[in-house]
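As a plain string of letters, each chain reads:
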Amino acid sequence: MAKIYKMSPHLADLIAAGEVVERPASVVKELVENSIDAGAQSVTVEIRRGGMSFIRVTDDGCGMSPEDAELAFLRHASSKLTDERGLEAIRTLGFRGEALAAIASVSNVTLVTRERGAESGVAVVLEGGEPHPAEPVGCSEGTVITVQDLFFNTPARLKFMKKDSSEGAAVTAAVVKAALSHPEVSVRYIKDDKEELHTPGDGVVSSAIYSIFGAQFFKSLLPAECEGEGVSVTGFVSAPAAAKGNRSSQYFFVNGRCIKSQMLTTAVEQAFKSSLFTGRFPACFIYIILKPSDVDVNVHPAKTEIKFLSESQVFSAVKNAAAAALAAEGMGSAELTSESTLKAAPKSDFWKTQDAETFRKASAPPPPRMRVREDATPYNAAPAPKPREPAPAPVYEEPRPSLFPEEKKVPEREAPAPQAPKIEEKPAAPADYKIIGEAFGCYIICQKGDELVFIDKHAAHERMLFDALRARESSVMPQTLLEPPAVELGAQDTALLLEHLPELAASGVEVEDFGGGALIVRTLPSGVAAGEVEAFLGELAEAIRQGRKPGSLGAADEVLATVACKAAIKAGKPSDPRELVPVAKAVMSGEVRYCPHGRPVSVVLPKSRLDKGIKRT
Ligand code: ADP
Ligand code: MG
C-alpha cells in the first residue's frame, strides 16, 4: 500500500465536482437554484455551444456582499445551513455549500454581484478555482455568474461530453424543470442567442406549463388534486389520448424541487392502468407539498432523488389525484385508494398567484403535527383553470415564443392513408408443412412432420421487415406527406432526432428542424397513422436512446426495429389467411427465427407431448 496523504483542497474539489457537476446542465441547475434561493423574481439563463463554452445566469435576487462573494467559492461555504438542526427541515434548494466550489474548480468563472441596497457591486474572477483579487464594479442589484470553458482542466470528463446539441438539450430540460418547479419566478432562457423560453413568473403552475409547452399540449391536461394528512398533491395529468411514447413528460415536484422517483411514476401509471396500452405513458406535472421534515433531500449529491418518511401516504395521494382526474373526465377505473385520510381535494383554491417571498414562507416548516393547509400550498387560491377550456387569458396578452408553439400543430386532416405493408401472395411452393390456422389473432399454427409450430405472426413479420430495411430492399414504403405537419416534440427529443437524420432516412422517416423544439415531417413509413405521428417520433427518439445503451442493437438498428414493428401485421386480430402465408414460409424455412431483439418467434409442440398428455401411449 502506498502511504496515505491528505488531499489538497483543490483535488478534493475536483473529485466533488465529479458528483455535482456532471455536464453543463448540472451547472445550470445549481446556478438557477442559487438564484431562486436568493429570492430572485426573474432569472435569465444564456448558453452557447450546449453550455460547453459559455453559461451565464443573471438574477435579481439578494446579491452578495464583497466578503461573501469571495467566500461563496470555498468548499462547504453556505449561507443556508448553520447547524445540524437545519438539516432536518431544509427549506432552500441548496444547502451543501459545494456547488460554486465544484463549478469553479473545473471552469473559468466570473461573478458580478451587488447586494440589495449596496452602493456598488463587486467582481470576482476565478480560473480553474484560483481566485483573482475581487474588484469593485458598477452593476445592478443581484448576481451574474458566467461559466466558461467547462472541464478545460479535466480532459477525462471532457471526453464524456456528448455533442453540443445533446448537452444543449439537457440544459433545456434543466431550465424547464426549474421553471416548472418555481412558477413564481420568471425564467428566461436564451440558447445560442435565440430566446427559447420565457415564463411569466406569476406563480400559476398552468401559466408556466402553457408558456413552455404551448396551447395544444396544455389543452390535453386534466387537473389532478388530492389532499391527505400531511400531504397535498396538485397538478395535471394528460388525458389518455394524449399519452406519450416515453416518460420524458413526467414531472414530479416535492416542496419546489423537481425530483425523479420510480415510486411516483408507478403511482401515476397505476391510475392509468386500464386506460393506456403498454408502451404509452401519461404526461404529468405533480406538485407534492409535505412538511420539510417529512422528506430527506440529502440522499443524492445533485438532490434529484429524495426519501419520503411515509412512502405509502405519498403514493396513495398521488395515485388518487391522478385517478380522480381521470374519473372527473369519465375515464380510467378511478379505483381510489381506500385510505380514509385521503380525499380528492375539492376544486378549490389551489392556483393562486404568489410572489417568491410568500412561496418561501409557505414552504417553511409548519408547526408540528399540522395538516397541510390550503394556505400552506405554494400556488394556492384562484380557481383551477380547466385545461380543456381556453388557457388562462390574462397572462398572455402577447404570446411568448414557446418551445412548442401552438401554430406548429399537426393538421387534423388525415395524412395519406397509411397502407398496410403488402405481403406478396405467392402460392406456397410445395412445402413440407401446412398451415392449420391462426389462434388468438396472434399465432399461426403450422403442422410439419410430427410437430405443431406456433408462430408469433407479428414478431416474425417484424423481423422480415427489419431484415429488408437493413438490406435496403425496403418493403416499408415511405409515404410522402402532401402537407408536411410540424410536430412539437420537445427540445430533447427533437435534438436527438436531428442528430440521427441519416438513420431515420434509411427507415423512410424524413424530418427537418422547424425551430423551437418542433420538426417538419416530410415522409413516414407506412403503418403510421396521422394521429400517431407525434407518438411515433417519440418512440424513435426513445429507440435512439435505447440504442446507445450497451447490449442494444445500436441507434440505427433500433430505429429500423421501431419502424419494422410499426409496419408489421398487428397481433390481436385475425389476419387475412393470405397475409400469413409468406410469414409462415419465412419461419418454417428457417430464414426467420428471432425477432430483431432476439426473442424466438416460434415454439414447437411435438405430437408426442400431446399423446403423453392424453395418455395415448
Ligand atoms: P449552497 O447553495 O449549497 O449554499 P453554493 O456553493 O451553491 O452552496 O453557494 C454558496 C453560497 O453562495 C450560498 O449559500 C449563497 O450564500 C451564495 N450564493 C450563491 N449564488 C448566489 C446568488 N445567485 N445570489 C446570492 N447569493 C448566492
Ligand atoms: Mg447552491
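Because the structure is a prediction, the values reported are computed rather than measured.

**Structural notes on the overall build of the chain**
Of the regular secondary structure elements, the chain holds 19 helices and 25 strands. Buried positions account for 52% of the 617 residues belonging to the chain. Within the chain, contacts between residues at least 6 apart in sequence are counted, and of these 72% link residues at least 24 apart.

**Side note on the environment of Val 109**
Residue placement: Val 109 occurs in strand β3 (residues 108-114). With a relative accessible area of 2%, Val 109 lands in the buried category. Setting aside its immediate chain neighbours within four residues, Val 109 contacts Phe 73, Ile 103, Ala 104, Val 124, Val 125, Leu 126, Ile 145, Thr 146 and Val 147.

**What to know about the site of ligand 1**
With respect to spatial proximity, 19 residues lie near ligand 1, and among them Asn 34, Ser 78, Ser 79, Lys 80 and Gly 97 are the closest. Asp 59 is positioned such that a nitrogen or oxygen atom in its side chain is 2.9 Å from a nitrogen atom of ligand 1. Between an oxygen atom of ligand 1 and a main-chain N or O atom of Leu 100, the distance comes to 2.9 Å. Looking at the shell around ligand 1, the elements that each hand over two or more residues are α2 (24-37) and α5 (99-105). Class assignment for the residues of the shell around ligand 1 results in seven nonpolar, eight polar and four charged.

**Re the pairing of strand β1 (residues 42-48)**
Burial analysis of β1 places five of its seven residues in the buried class, which makes it a mostly covered element. Alignment of β1 against strand β8 (residues 186-191), held across six bridges, turns out to be parallel. Considered in β8, the bridge of Glu 46 is made with Ile 190. Counted between consecutive antiparallel strands, the loop separating β1 from strand β2 (residues 54-59) contains five residues, among which Arg 49 sits at a positive phi close to 45 degrees.

**A closer look at the environment of Asn 34**
Along the chain, Asn 34 falls in helix α2. Exposure remark for Asn 34: the relative accessible area of 22% places this residue in the partly exposed category. When the C-alpha positions of Asn 34 and Val 57 are compared, they lie 9.9 Å apart, and in sequence the two are 23 residues distant. Apart from the residues lying within four places of it in its own chain, the contact partners of Asn 34 are Lys 80 and Leu 100.

**Side note on the layout of surface pockets**
Considering only enclosed or pocket space, the second largest pocket measures out at about 1600 Å³ in volume. As for the second largest pocket, its lining consists of 46 residues, and the residues nearest its centre are Arg 23, Ala 173, Lys 177, Lys 260 and Gln 492. The set of elements that each furnish at least two residues to the lining of the second largest pocket consists of α1 (9-20), α2, α7 (164-181), β13 (250-254), β14 (257-259), α10 (262-271), α14 (491-499) and α16 (533-547). The biggest single contributor to the lining of the second largest pocket is α7, with eight residues. The residue makeup of the lining of the second largest pocket, split by class, is 16 nonpolar, 14 polar and 16 charged.

**A few points about the sheet that holds strand β19 (residues 443-448)**
Strand order in the open sheet made by the four strands is β18-β19-β20-β25, with antiparallel pairing throughout. Each edge of the sheet is formed by a strand with only one pairing partner; in this case those strands are β18 (434-439) and β25 (602-606). Sheet twist, expressed as the mean angle between neighbouring strand axes with direction ignored, is 25 degrees. Relative to β19, β18 runs antiparallel, the two being bridged by five bridges. Bridging across to β19, Gly 437 finds its partner in Ile 445.

**Let's talk about the packing of helix α13 (residues 457-470) against helix α18 (residues 577-588)**
Taken N-terminus to C-terminus, the directions of α13 and α18 make an angle of 80 degrees; their axes are 10 Å apart at the nearest point. Accordingly, the angle class assigned to the pair α13 and α18 is roughly perpendicular. Residues Lys 457, Ala 460, His 461 and Met 464 of α13 pack against Leu 580, Pro 582, Val 583, Ala 586 and Val 587 of α18. In the contact of α13 with α18, the residues fall into seven nonpolar, one polar and one charged.

**So, the packing of α16 against helix α17 (residues 555-567)**
One can describe the packing of α16 onto α17 by two numbers: an axis separation of 7 Å at closest approach and a directional angle of 145 degrees. Considering only the axes of α16 and α17, their crossing is right-handed. For the pair formed by α16 and α17, the contact residues are Phe 536, Glu 539, Leu 540, Ala 543, Ile 544, Gln 546 and Gly 547 on the first element and Ala 555, Glu 558, Val 559, Thr 562, Val 563 and Lys 566 on the second. Along the lines of polarity and charge, the residues of the contact of α16 with α17 split into seven nonpolar, three polar and three charged.

**Points about the side chain of Asp 557**
Relative to the assigned elements, Asp 557 resides in helix α17. Classification of Asp 557 by relative accessible area gives buried; the value is 14%.

**Focus: the packing of aromatic side chains**
Here the structure, examined in full by the defined rule, presents nine aromatic pairs. Ring plane angle 70 degrees and centroid distance 6.0 Å describe the contact between Phe 217 and Phe 285, whose orientation is recorded as edge-to-face. In this pair, Phe 217 sits in helix α9 (residues 215-219) while Phe 285 sits in strand β15 (residues 284-290), placing the two residues 68 residues apart along the sequence. Each member of the pair, Phe 217 as well as Phe 285, carries the same accessibility label: buried.

**Regarding unusual backbone geometry**
In most cases, non-glycine residues show a negative phi, while peptide bonds are predominantly trans. For Arg 49, which is not a glycine, the phi torsion comes out positive at approximately 45 degrees. For Arg 49, the location among the structural elements is in the loop between β1 and β2. Exposure remark for Arg 49: the relative accessible area of 45% places this residue in the partly exposed category. Of note in this structure, Asp 193 is not a glycine but carries a positive phi near 70 degrees.

**Comments concerning the nonpolar core**
Membership of the largest hydrophobic core comes to 63 residues, with the highest contact counts inside it found for Leu 31, Val 45, Val 147, Leu 180, Ile 209, Phe 213 and Phe 285. The biggest single contributor to this core is α7, with eight residues. Here this core spans two domains, since at least three of its residues come from each of domain 1 (9-202) and domain 2 (220-344). With 35 residues, the next largest nonpolar core counts Val 254, Leu 264, Leu 290 and Leu 326 among its residues.

**Brief notes about the side chain of Thr 146**
Assignment of secondary structure puts Thr 146 in strand β7 (residues 142-148). Those residues within four positions of Thr 146 in sequence are excluded, and the remaining contacts are Phe 54, Ile 55, Arg 56, Asn 108, Val 109 and Thr 110.

**Description of the confidence of the model for the chain**
Within the chain, residue pLDDT values average 80, and 78% of them lie at 70 or more. For the stretch residues 333-428, pLDDT sits under 50, and the model shows 242 contacts to residues farther than four places along the chain or on other chains.

**A look at α7**
Taking 1.5 Å per residue as the helical rise, α7 with its 18 residues ought to reach 26 Å, and the 25 Å between its terminal C-alpha atoms agrees with that figure. Counting buried residues in α7 gives 15 out of 18 residues, a clear majority hidden from the surface.

**Examining the pattern of salt bridges**
Note that side chains of opposite charge can pair when their charged atoms are close. Here the structure, examined in full by the defined rule, presents 24 salt bridges. Asp 193 is the partner of Arg 48 in a salt bridge, and the nearest nitrogen-oxygen pair spans 4.0 Å. Linking Arg 48 in strand β1 with Asp 193 in the loop between β8 and β9 (194-198), this pair joins segments that are 145 residues apart in sequence. The class for Asp 193 is exposed, based on a relative accessible area of 64%. Across the salt bridge formed by Glu 269 and Arg 247, the nearest N and O atoms sit 2.7 Å from each other. Note that Glu 269 is positioned in helix α10 and Arg 247 in the loop between β12 (231-238) and β13, a separation of 22 residues in sequence. According to the relative accessible area criterion, Arg 247 is partly exposed, its value standing at 40%. When salt bridges that share partners are traced, they join Lys 29, Glu 30 and Glu 33 into one network.

Criteria and thresholds
- Residues numbered from 1 in each chain as written.
- Chains lettered and ligands numbered in written order.
- Predicted model: local features only at pLDDT ≥ 70, side-chain atom pairs only at ≥ 80, totals over all residues.
- Heavy atoms only, no water.
- Helix = DSSP H or I, 4+ residues; strand = E, 2+ residues; numbered from the N terminus.
- Buried < 20%, exposed > 50% of the residue type's maximum accessible area, 1.4 Å probe, protein only.
- Contact = heavy atoms within 4.5 Å.
- Near = heavy atom within 4 Å.
- Polar contact = N/O pair within 3.5 Å; in protein donor to acceptor, adjacent residues only side chain to side chain.
- Nonpolar A, V, L, I, M, F, W, Y, C, P; charged D, E, K, R; others polar.
- Pairing = 2+ DSSP bridges.
- 1 Å grid on protein atoms, 1.4 Å probe; cavity = no way out; pocket = protein on both sides within 12 Å on 5 of 7 lines; lining within 4 Å.
- Points joined across faces, edges and corners; volume = space filled by probe spheres on them.
- Axes fitted to C-alpha atoms, helices over the stretch in contact; angles between N-to-C directions.
- Parallel < 35°, antiparallel > 145°, perpendicular 65-115°, else oblique.
- Left-handed = near helix turned anticlockwise from the far one by under 90°.
- Phe/Tyr/Trp six-rings, centres within 6.5 Å; stacked < 30°, edge-to-face > 60°.
- Core = buried A, V, L, I, M, F, W, Y, C linked by side-chain atoms within 4.5 Å.
- Domains from an automatic or database assignment.
- pLDDT = per-residue confidence, 0-100.
- Expected span 1.5 Å × (residues − 1).
- Salt bridge = Lys/Arg side-chain N within 4 Å of Asp/Glu carboxyl O.

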